[in-house]
Amino acid sequence: MKRFRAVLMTAALIVSAMALVPAASASPGAPLYATGTANFVGTGWAYDFNGDLDCNAFAVVPEARVVGDIPFVEGTMHWFEIMTITCADGTMTIESYGTWTFDNGKFRVNGAVEDATGAYGYLIGARVHQSGLVDPAVFPFTGTLTLRIN
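Here goes a summary of the coordinates provided. (Residues numbered from 1 in each chain as written. Predicted model: local features only at pLDDT ≥ 70, side-chain atom pairs only at ≥ 80, totals over all residues. Heavy atoms only, no water.)

Quick word on the state of the cysteines
Then comes step 1: One pass over the full model with this rule turns up one disulfide.
Then comes step 2: Between the sulfur atoms of Cys-55 and its disulfide partner Cys-87 the distance amounts to 1.7 Å. Negative torsions about the S-S bond denote left-handed disulfides, and the value of about 100° found for Cys-55 with Cys-87 makes this one right-handed. Of this pair, Cys-55 sits in the loop between β2 (44-51) and β3 (56-67) while Cys-87 is found in strand β4 (residues 76-87), placing the two residues 32 residues apart along the sequence.
Then comes step 3: You can call Cys-55 buried: its relative accessible area is 4%.
Then comes step 4: Exposure remark for Cys-87: the relative accessible area of 10% places this residue in the buried category. (Disulfide = S-S within 2.5 Å. Helix = DSSP H or I, 4+ residues; strand = E, 2+ residues; numbered from the N terminus. Buried < 20%, exposed > 50% of the residue type's maximum accessible area, 1.4 Å probe, protein only.)

Considerations on the nonpolar core
Then comes step 1: Of all hydrophobic cores here, the largest spans 33 residues; its most connected members are Leu-53, Ile-85 and Ile-149.
Then comes step 2: Within the residue set of this core, elements represented by two or more residues are β1 (32-41), β2, β3, β4, β5 (90-101), β6 (106-116), β7 (127-134) and β8 (142-149).
Then comes step 3: For Ile-85, the residues in contact, after removing those within four places along its chain, are Phe-49, Cys-55, Asn-56, Ala-57, Gly-90, Thr-91, Met-92, Ile-94 and Leu-147. (Core = buried A, V, L, I, M, F, W, Y, C linked by side-chain atoms within 4.5 Å. Contact = heavy atoms within 4.5 Å.)

Digging into the sheet that holds β3
Then comes step 1: Spatially, the eight strands close up into a barrel ordered β1-β2-β3-β4-β5-β6-β7-β8, and their pairing is antiparallel. Sheet twist, expressed as the average angle between the axes of neighbouring strands with direction ignored, equals 25°.
Then comes step 2: Sheet topology places β4 next to β5; twelve bridges connect them, and they run antiparallel. For Glu-81, the partnering residue across the bridge sits in β5 and is Ser-96. (Pairing = 2+ DSSP bridges. Axes fitted to C-alpha atoms, helices over the stretch in contact; angles between N-to-C directions.)

Structure representation (structure tokens):
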């Protein structure tokens with residue numbers, strides 16, 4: 001009986017320790033995936049992510065230009081953004097370029113992790129890809145997205 005208790009206690013300690021390991025450090029080198037929502041606020045976008053990253057983010061858009069005759073109806077927006085992702089176990093700064101096609105509301109963003117702290121330090125230099133949908137006819141702009149870091 002003592003041996004059974006010892007095995008049970010050891011198993012419980014291992015499971016408890018595993019629960020404390022941050023998701024990002026569980027398998028360094030493996031891609032991180034998250035889905036979320038985006039809301040345009042002021043000069044940038046506020047994000048809520050779920051998945052491998054359960055975090056909040058804000059992206060400042062210091063540069064954007066519209067190619068097309070009627071902004072937010074037809075044409076495409078091209079922009080540069082700096083996103084800061086804040087999680088309980090670290091932060092990341094991502095610099096990206098993106099396009100938003102007004103005809104269908106789809107957007108794509110590609111960039112790289114420029115700085116990271118805590119559990120995400122190993123991601124510096126990793127590629128970042130976002131894609132999603134924002135309806136340009138509805139203001140304030142809101143949308144859904146998928147984020148991949150690898």
